[in-house]
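Per-entry structural report
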Amino acid sequence: MINIKDEWKDIKAFTPVSLGELSIDTRFVRSATELFRALPDGHICDFEFDVYRKLAPHPFGLIITAHTCVSPEGRSNMGQNAVWDDEFNPDHRKIAEIVHSGPAKTIMQIGHGGMKADGSNGGRPVYTPDNMTAEQIKEVEKAFVRAAVRAKACGYDGVELHCAHMYLLSQFFYPQYNHRTDNYGGSGVNRIRITAEILSGIKAECGDDFPVLVKLNCDNNEDNESYFRDVMDAVSVLLSCGCDALETSGYYSSPTGIPKKPYFCETASAIAENTDMPVIQVGGIRTTADIDAILKGKVRAVSMSRPLTSQPDFIERIYSGEKARCVSCGRCAGLKGICVLDRKD
Ligand SMILES: Cc1cc2nc3c(=O)[nH]c(=O)nc-3n(C[C@H](O)[C@H](O)[C@H](O)COP(=O)(O)O)c2cc1C
């Protein structure tokens, strides 16, 4: 049950939408936000449960969790949450229950650090697209599928594959990091293959109706035009494997300097205009005018991270006429999920 003012009920952002198999009650999404605070063994800390308690009552359609690691060799930092074993299920069940105490559905973001796991994976092999054997690729794919099976068992409404920000799946998709000459390298279709096989594996194990989203880098900071052609090919492949929605990110999750406006408008709308893939746009969205403008086009939902770290009740505040407190400085990352304005020391 969403608790909002009557005058907001006709605003598009507050209306339900279907993202493939996932139906949500509003178009506000909390984008995956890692807090870097897991216990050394990968268990989730109390601070993080409290973050979900603060978010849960607000009118989100969907809350996506932190990037959660599917296998020990892929742990991208010492504070990353884990889902590589059933021992973590009670933690994840607790998050799903907390979020479901409010109106939102919840999805676990799952990923593998690839080369970003160097120094934080306990001395295990560091995987890169170029050094992995075909067997190791299959093992990683299975780890993703097992993680999704756990997420489903814990009560999550779906999973999101992290194929952005230089983690393993996005390393595969970047031509500058993937020099393979087999079926996993070369064309865009080949470079997205590992993600597509994971997606198909999850649908086979969890059911076609279990939602799987993909967060994808839609630019590569080099040859964006040819990269974007590969993105469109990848989107077709993902759609044919049953991907329920695409969250469009970029090489940098936030550009250097402080962005003054949403910064993935062009790529998100180009994808939404040219495919049937439901698109969720993220990045720099801070005002009701931004949200209205984005949802006027074919993009179906808007996703936000930093403003919600600063103000979990951000949605109600901006629709009541307040200005966002978050100025996108990004210091909440270094402060492990605390807005610099709330810093106590
Ligand atoms: C502290 C912090 C942690 C983040 N953790 C993740 C993550 O786990 N997975 C992910 O895909 N993106 C992560 N991001 C990126 C956000 O999801 C989002 O794409 C980015 O911050 C742009 O949105 P915003 O301008 O609303 O913050 C993180 C961002 C911040 C600031």
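Each remark here, short or long, concerns the structure printed above.
A few points on the structure.

Considerations on the overall build of the protein chain
- The number of helices and strands found in the protein chain is 12 helices and 10 strands.
- For the protein chain, the C-alpha radius of gyration of 19 Å lies close to 20 Å, the compact-globule estimate for 345 residues.
- If you line up the protein chain on its principal axes, its C-alpha atoms span 55 × 45 × 40 Å.
- The burial tally for the protein chain puts 50% of its 345 residues in the buried class.
- In the protein chain, the share of contacts with a sequence separation of at least 24, taken over all contacts with a separation of at least 6, comes to 73%.

Some remarks on helix α1 (residues 46-55)
- Taken together, the buried positions of α1 are occupied by E48, V51, Y52 and L55. For α1, the angular spread of the buried residues around the axis is 90°, confining them to a single face. Projecting away from the buried face of α1 at angles above 90 degrees are the exposed residues D46, F47 and D50.
- Structurally, α1 contributes buried residues whose contacts are with β3 (28-30), β4 (62-69), α2 (89-100) and α10 (306-310).

Details of the site of the ligand
- Residues in close proximity to the ligand total 27 residues, the closest being S31, A32, E34, H67 and R306.
- Among the residues forming the shell around the ligand, the class breakdown is nine nonpolar, 15 polar and three charged.

Quick word on the packing of α1 against α2
- Contact geometry for α1 and α2: axes closest at 8 Å, N-to-C directions at 20°. When the axis of α1 is compared with that of α2, the two are roughly parallel. Both α1 and α2 take part in a crossing whose hand is right-handed. On α2, the residues touching F49, Y52 and R53 of α1 are K94, I95, I98 and V99.
- Looking at the contact of α1 with α2 residue by residue, the classes come out as five nonpolar, no polar and two charged.

Overview of the pairing of strand β8 (residues 245-249)
- Burial within β8 is extensive, with five of its five residues counted as buried.
- Here β8 shows a buried face lined by A245, E247 and S249 and a second buried face lined by L246 and T248.
- In terms of strand pairing, strand β7 (residues 212-217) meets β8 through five bridges, oriented parallel. Within β8, the residue paired with V214 across the bridge is L246.

A look at the environment of T65
- Considering the arrangement of structural elements, one finds T65 in strand β4.
- A residue is classified by how many C-beta atoms lie within 10 Å of it, and T65, with 28 of them, is buried.
- Placed 17 residues apart in sequence, T65 and E48 show a C-alpha to C-alpha distance of 9.9 Å.

Some details on the nonpolar core
- Formed by 93 residues in total, the largest nonpolar core has its most connected members in V83, V159 and L246.
- Among the elements that make up this core, the one with the highest residue count is helix α3 (residues 134-153) (eight residues).
- If near-sequence neighbours (up to four positions away) are discounted, V159 is found in contact with I107, M108, I110, A148, A151, I202 and V212.

Side note on unusual backbone geometry
- The backbone of H165 sits at a positive phi, close to 55°, despite the residue not being glycine.
- Even without a glycine there, the phi angle at K336 is positive, about 50°.
- Residue position: K336 is located in the segment after α12 (331-334).

A short note on the pairing of strand β10 (residues 301-304)
- The side-chain alternation of β10 yields two buried faces, one formed by A301 and S303 and the other by V302 and M304.
- By the bridge criterion, three bridges tie β3 to β10 in an arrangement that is parallel. Pairing of F28 across the sheet is with V302, part of β10.

A few points about the environment of S76
- Relative to the helices and strands, S76 resides in the loop between β4 and α2.
- Residue classification places S76 among the buried residues on the basis of 26 C-beta atoms within 10 Å.
- A sequence separation of 36 residues divides S76 from P40, and the C-alpha atoms of the two residues are 12 Å apart.
- Sequence-distant contacts of S76, defined by excluding residues within four places in its chain, comprise C69, G113, K116, A117, S120 and Y167.

Conventions and cut-offs
Residues numbered from 1 in each chain as written. Predicted model: local features only at pLDDT ≥ 70, side-chain atom pairs only at ≥ 80, totals over all residues. Helix = DSSP H or I, 4+ residues; strand = E, 2+ residues; numbered from the N terminus. Rg over C-alpha atoms; globule rule 2.2 N^0.38 Å. Buried ≥ 20, exposed ≤ 12 C-beta atoms within 10 Å, placed from the backbone. Contact = placed C-beta atoms within 7 Å. Arc of directions from axis to C-beta. Near = placed C-beta within 6 Å. Nonpolar A, V, L, I, M, F, W, Y, C, P; charged D, E, K, R; others polar. Axes fitted to C-alpha atoms, helices over the stretch in contact; angles between N-to-C directions. Parallel < 35°, antiparallel > 145°, perpendicular 65-115°, else oblique. Left-handed = near helix turned anticlockwise from the far one by under 90°. Pairing = 2+ DSSP bridges. Core = buried A, V, L, I, M, F, W, Y, C linked by C-beta atoms within 7 Å.

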